[in-house]
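Per-entry structural report
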Amino acid sequence: MPATIHTEGEPNTSAARKDWSSKETDAAAIGLLQRDADAFLHQSLSSPCVSTIAKAEGIWIEDVAGRRFMDFHGNSVHHIGYGHPRLVAAIKDQLDQLSFSPRRFTNDVSVALAERLEKITPGNLGKTLFTTGGSDANEVALRLARAATGRFKTLSFWDSFHGAGFGAASVGGEATFRSHIAGPLLPGAEHVAPFHCYHCAYGHSGPENCGLACAKMVDYVLQREGDVAAVIAEPMRAVPVVPPAGYWKSVQEACHRHGTLLIMDEIPTGLGKTGEMFAFQHDDFIPDIVTLGKALGGGILPIAAVVARRDLDLAGDFAIGHYTHEKNPVTARAALTTLDIIEDEGLVECAATLGTHAQDRLRETLGTHPNVGDIRGRGLMFGIEIVFDKDARTPAPELAEQIYYSCLSNGLSFKISAGNVLTLSPPLTISRNDLDEALSIVENAVQGCKP
């Protein structure tokens, strides 16, 4: 069996990881890491773990030895920071009022959350179903698209991630989740190359001369297939990659021409992370279905949602979700309170302002560095692509790992995406001073790297 190239995050079996692990001297940390390795099924990227955690508060995580890290990853759940006091109080209060609701019954807080999601989503998006995770939300969206169109095929993008279930992995494009042991996946799950101006699959050097070849390929496949139920994609790829201007409008027009629904997976990018409530709002279009998750539970409880056009409520004779915690009042309260905090604290605007500041600073300090190929993103989801050759744009994963572990040793945690992209995604509650401190750590690590 050929080796799988994992690009979802930093590898857990590399020489750099082994070197990092060998330097751990705290007995409690070593013991907990060993217990974890002994207790859990091992899988790529997750186990063995990189470190321990004993406390999470605001932008900070702390390990069992008392070492603190600014968390610029957080699995995209920590938009409002960890353990927000207002959220903790709301959850405790809800536990005292109503702790669970069987799905065949309703309760005020779950209905209020569905109504709130309709209020904050544009256009005719307004019918909701809750799940416990983003992977399941995407599965529901795909089922709904089948019900609405009478078709089963999908079109999605290589290198994308939509979850680990068989349906979500089928439309995803990550080898880690769909190759070898995954076996046969869903039939009709077609893929095309994603938009990526820095690494254009169609050989173009930039959006000024490509004629949106990537969007035209979507139209071409939809036309040739003729019976695709849905296109599913992230509006801004969380690696991160920003779409070229006009891309999504062109794709939406193609979907309309061919009777295909457009599903936006906003699970990592939504709820203000990019400087708009939803990342698709940067591109001036409204999809047919939106999926949300991760940060919706405020970094404490798991909850995800599907929000569809009201006229797509047409699967009432079938079960398209049917989850035990579909209307859990405690998770619903967590989500409602999270939305309140985002609105009341102006966190969408904070993400826009601080994200512009961060990217402007990084372009000034690192833009000419020979190993920095691209600096990109929106709001507080931005990345630095590390390369061996700036002109050839050759990825440098080992160099990215070197920078990563240097930052980790200096109190900053983040994720490597696509093998060589330092992906920085802090909470929306971060102060400018803390953000600048983190940027200094990254700048020093990049400037001190040794190719």
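These lines cover the structure that appears in this document, whether it is placed above or below. The model shown is predicted, which means the values in this text are computed figures rather than measured ones. (Residues numbered from 1 in each chain as written. Predicted model: local features only at pLDDT ≥ 70, side-chain atom pairs only at ≥ 80, totals over all residues. Heavy atoms only, no water.)

**Some words on the overall build of the protein**
Filter applied, for reference: We count a stretch as a helix when DSSP gives it H or I for four or more residues in a row; a strand needs E for two or more, and each element gets its number in order from the N terminus. C-alpha atoms define the radius of gyration in this analysis, and the globule rule sets the expected value at 2.2 Å times the number of residues to the power 0.38. Computed with the Shrake-Rupley method and a 1.4 Å probe, the accessible areas treat only the protein chains shown as cover for residues. As used throughout, the charge tally considers Lys and Arg to be positive and Asp and Glu to be negative, leaving His and the chain termini uncounted. Where a charge sits is defined by one atom per residue type, namely NZ (Lys), CZ (Arg), CG (Asp) or CD (Glu).
Secondary structure assignment for the protein yields 13 helices and 16 strands. The globule rule puts the C-alpha radius of gyration for 451 residues at 22 Å, and the 22 Å found for the protein is close to it. Each principal axis of the C-alpha atoms in the protein carries an extent, and together these give about 60 × 60 × 45 Å. In the structure as shown, the protein presents an accessible area of about 19,500 Å², 52% of it carried by carbon and sulfur atoms. Charge-centre separation for the protein: the mean point of 39 positive side chains lies 3 Å from the mean point of 54 negative side chains.

**Quick look at the side chain of Arg178**
The criterion, for reference: For every residue, the accessible area obtained with a 1.4 Å probe (protein chains only) is divided by the maximum for its type, and the residue is called buried under 20%, exposed over 50%, and partly exposed between those limits. Definition used for salt bridges: Asp or Glu carboxyl oxygen within 4 Å of a side-chain nitrogen of Lys or Arg. N or O atoms within 3.5 Å of each other form a polar contact, as long as, within protein, one can give a hydrogen and the other can take it, and as long as residues adjacent in sequence are counted only when both atoms are side-chain atoms. Contact criterion: two residues are considered in contact whenever any of their non-hydrogen atoms come within 4.5 Å of each other.
Within the secondary structure, Arg178 sits in helix α7 (residues 175–178). Buried charge without a partner: Arg178 forms no salt bridge, and the closest opposite charge is Glu190, 8.9 Å away. A polar side-chain atom of Arg178 sits 3.1 Å from the main-chain carbonyl oxygen of Ala169. A distance of 3.0 Å separates the side chain of Arg178 from the backbone oxygen of Gly172, its partner in a polar contact. With residues near it in sequence (within four places) discarded, Arg178 still touches Trp158, Ala169, Ser170, Gly172, Gly173, Leu185 and His191.

**A closer look at helix α9 (residues 247–258)**
To be explicit about the condition: The span expected for a helix works out to 1.5 Å for each residue beyond the first. Directions from the helix axis toward the C-beta atoms define the arc.
Across its twelve residues, α9 extends 17 Å between first and last C-alpha, which sits within 8% of the 16 Å expected from 1.5 Å per residue. Of the positions making up α9, those classed as buried are Tyr247, Trp248, Val251, Gln252, Ala254, Cys255 and His258. Buried residues of α9, viewed axially, fall in a sector of 160°; they line one side. Exposed and oriented more than 90 degrees from the buried face of α9 are His256 and Arg257. As for α9, its buried residues are in contact with β5 (153–157), α8 (213–225), β7 (228–233) and β8 (261–265).

**Focus: unusual backbone geometry**
Of all residues except glycine, most have a negative phi; of all peptide bonds, most are trans. The omega torsion of the bond from Val239 to Pro240 falls at -10°, within 30 degrees of zero and hence cis. You can see Pro240 is positioned in the loop between β7 and α9. Even without being a glycine, Leu271 presents a positive backbone phi close to 65°. Structurally, Leu271 can be placed in the loop between β8 and β9 (289–292).

**Brief notes about the sheet that holds strand β3 (residues 68–71)**
This is how the line gets drawn: A pair of strands counts as paired when DSSP detects no fewer than two bridges linking them.
The strand order across the open sheet formed by four strands is β1-β2-β3-β14, and the pairing between neighbours is mixed. Looking along the sheet, the strands with just one partner apiece sit at the ends: β1 (55–57) and β14 (412–413). Here β1 runs beside strand β2 (residues 60–62); their pairing, made up of three bridges, is antiparallel. Bridge assignment links Ala56 to a residue of β2, and that residue is Ile61.

**Structural notes on the nonpolar core**
Stated precisely, the cut-off is as follows: Note on terminology: a nonpolar core comprises buried Ala, Val, Leu, Ile, Met, Phe, Trp, Tyr and Cys residues joined through side-chain atoms within 4.5 Å.
One finds Tyr247, Trp248, Ile384 and Leu422 to be the most contacted residues of the largest nonpolar core, which totals 95 residues. Counting residues per element, this core draws most heavily on helix α10 (residues 329–344), which supplies eight residues. Ignoring sequence-local partners within four residues, the contact set of Leu422 consists of Phe382, Gly383, Ile384, Ile386, Ala400, Ile403, Phe414, Lys415, Ile416, Val442 and Val446. By size, the runner-up hydrophobic cluster in this structure holds 20 residues, among which are Ala137, Ala141, Val171 and Tyr323.

**As for the packing of aromatic side chains**
We count it as follows: Think of it this way: a Phe, Tyr or Trp ring, Trp meaning its six-membered ring, pairs with another when their centres are within 6.5 Å, and the plane angle makes it stacked under 30 degrees, edge-to-face over 60, tilted otherwise.
A full pass over the atoms with the stated rule returns eleven aromatic pairs. Look at Trp248 and Phe285: their rings are 5.8 Å apart centre to centre, the planes differ by 20°, and that puts the pair in the stacked class. Placement of the pair is Trp248 in helix α9 and Phe285 in the loop between β8 and β9, with a sequence separation of 37 residues. Aromatic pair Tyr404 and Phe414: ring centres 5.5 Å apart, planes at 80°, arrangement edge-to-face. With Tyr404 in helix α12 (residues 397–409) and Phe414 in the loop between β14 and β15 (415–417), this pair connects stretches of sequence that are ten residues apart. Residue class for Tyr404 comes out buried when judged on its relative accessible area of 2%. The buried category is assigned to Phe414, whose relative accessible area is 1%. Following the ring pairs from residue to residue traces out a cluster consisting of Phe157, Phe195, Tyr247, Trp248, Phe278, Phe280 and Phe285.

**Examining the packing of helix α11 (residues 347–366) against helix α13 (residues 432–447)**
What counts, and what does not: The axes used here are C-alpha line fits, helices contributing only the stretch in contact, and every angle between their N-to-C directions lies in the interval 0 to 180 degrees. Working rule for angles: under 35 degrees goes down as roughly parallel, over 145 as roughly antiparallel, 65 to 115 as roughly perpendicular, anything else as oblique. If you view the pair so one helix is near and one far, a crossing is left-handed when the near helix is turned anticlockwise from the far one by less than a right angle, and right-handed when it is turned clockwise.
It is at 11 Å that the axes of α11 and α13 come closest, and there the two elements cross at 25°. Taken together, the axes of α11 and α13 lie roughly parallel to each other. In the packing of α11 onto α13, the handedness of the crossing is right-handed. Seen from α11, the contacting residues are Leu354, His357, Ala358, Arg361, Leu362, Thr365 and Leu366; seen from α13, they are Arg432, Leu435, Asp436, Leu439, Ser440, Glu443, Val446 and Gln447.

**Concerning the state of the cysteines**
Note the cut-off: Only a pair of cysteine sulfur atoms within 2.5 Å counts as a disulfide in this structure description.
Per the stated rule, a full pass over the model turns up zero disulfides. No disulfide involves Cys197; its sulfur sits 6.1 Å from the nearest other cysteine sulfur, which is in Cys210. Here Cys255 stays free of any disulfide, with the sulfur of Cys214 as its closest cysteine sulfur at 14 Å. According to the relative accessible area criterion, Cys255 is buried, its value standing at 1%.

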